[in-house]
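Spelled out from the first residue to the last, the chains are:
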Amino acid sequence: VQLQASGGGLVQAGGSLKLSCTLSGRTFSRYFMGWFRQAPGKEREFVAAITGSGGRTYYADSVKGRFSIPRDNAKSMLYLQMNSLKPEDTAVYYCAAIPSTENYDLNYYFPSFYNSWGQGTQVTVSS
């Protein structure tokens, strides 16, 4: 499985960005997908996740109501729509994947749950 994230950049506080992630090499709809981020000097943290069908989504409290995680299985694409961005959203953002399992409800929050990672894309929010 190969993941490729893109769409990062520099944006002013209050602005929006849309990240994209492609998955190649496998059937995209069979993967539970997530977004994580890592700021300098901090641990990688969960941002959002979505089931293979797109029927259930999960968000960190810090982004709930501002970010959304749609997916397009026909195009093998995952997105992270980020609105009302804050300086504290500044980080490298990573997409992650794991073949869909029954225990995602208990584990989606943990980076170790995922077995494939994209290379990361930088998001910088200026104040």
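Overview of the structure. Note on numbering: residues in each chain are counted from 1, in written sequence order. Per-residue local features are limited, in this predicted model, to residues with pLDDT of at least 70; the limit for side-chain atom pairs, both in listing and counting, is 80 or more; totals at the level of whole chains, interfaces and linings are taken over all residues. Processing note: side-chain calculations cover all non-hydrogen atoms of the structure and skip hydrogens and water entirely.

**Some words on the side chain of Thr 121**
Then, in step 1: Numbering of helices and strands runs from the N terminus, with a helix taken as a DSSP run of H or I at least four residues long and a strand as a DSSP run of E at least two residues long. With respect to the helices, strands and loops of the structure, Thr 121 is situated in strand S12 (residues 121-126).
Then, in step 2: In the analysis that follows, any N or O atom pair within 3.5 Å is treated as a polar contact, provided that within protein one partner can donate a hydrogen and the other can accept it, and provided that, for residues neighboring in sequence, both atoms belong to side chains. Looking at Thr 121, its side chain comes within polar contact range of the main-chain nitrogen of Gly 8, at 3.0 Å.
Then, in step 3: Among all residues touching Thr 121, those that are not within four sequence positions of it are Ala 5, Ser 6, Gly 7, Gly 8, Leu 19, Ala 91, Val 92 and Tyr 93. We call two residues in contact when some of their heavy atoms are within 4.5 Å.

**Points about the pattern of salt bridges**
Then, in step 1: Whenever a carboxyl oxygen of Asp or Glu lies within 4 Å of a side-chain nitrogen of Lys or Arg, that contact is scored as a salt bridge. Enumeration according to the criterion identifies five salt bridges in this entry.
Then, in step 2: With a closest N to O distance of 2.9 Å, Arg 37 and Asp 89 form a salt bridge. Taken together, the residues Arg 37 in strand S4 (residues 31-38) and Asp 89 in the loop between strand S9 (77-82) and strand S10 (91-99) connect sequence positions 52 residues apart. Of the two residues, Arg 37 and Asp 89, neither departs from the other in class, the shared state being buried.
Then, in step 3: Two residues, Asp 89 and Arg 66, come together in a salt bridge whose shortest N-O distance is 2.8 Å. With a gap of 23 residues between them, Asp 89 in the loop between S9 and S10 and Arg 66 in the loop between strand S6 (57-59) and strand S7 (67-68) connect regions that are remote in the sequence. Only protein chains enter the accessibility calculation, which uses a 1.4 Å probe. A residue is then buried if its area is under 20% of the maximum for its type, exposed if over 50%, and partly exposed in between.

**What about the packing of aromatic side chains?**
Here a ring pair, both rings aromatic, is described through the centre-centre distance and the interplanar angle of the planes.
Then, in step 1: Ring geometry is summarised as follows: Phe, Tyr and Trp rings, the Trp one being its six-membered ring, pair when their centres sit within 6.5 Å, and such pairs are stacked at plane angles under 30 degrees, edge-to-face over 60 and tilted between the two. A complete count under the given rule lists 15 aromatic pairs for this structure.
Then, in step 2: Each ring, one from Phe 36 and one from Tyr 114, has its centre 5.2 Å from the other, and the planes form 80 degrees; the classification is edge-to-face. Separated by 78 residues along the polypeptide, Phe 36 in strand S4 and Tyr 114 in the loop between helix H1 (104-107) and strand S11 (116-117) bring together distant segments of the chain.
Then, in step 3: Exposure remark for Tyr 114: the relative accessible area of 5% places this residue in the buried category.
Then, in step 4: Counting every residue linked through ring pairs, the aromatic cluster contains Phe 32, Phe 36, Phe 46, Tyr 58, Tyr 94, Tyr 104, Tyr 108, Tyr 109, Phe 110, Phe 113, Tyr 114 and Trp 117.
Then, in step 5: Our definition puts a charge over a ring when NZ of Lys or CZ of Arg is within 6 Å of the ring centre and also within 35 degrees of the ring normal. Positioned above the aromatic ring of Tyr 94 is the side chain of Arg 44, whose terminal nitrogen or guanidinium carbon lies 3.7 Å from the ring centre.

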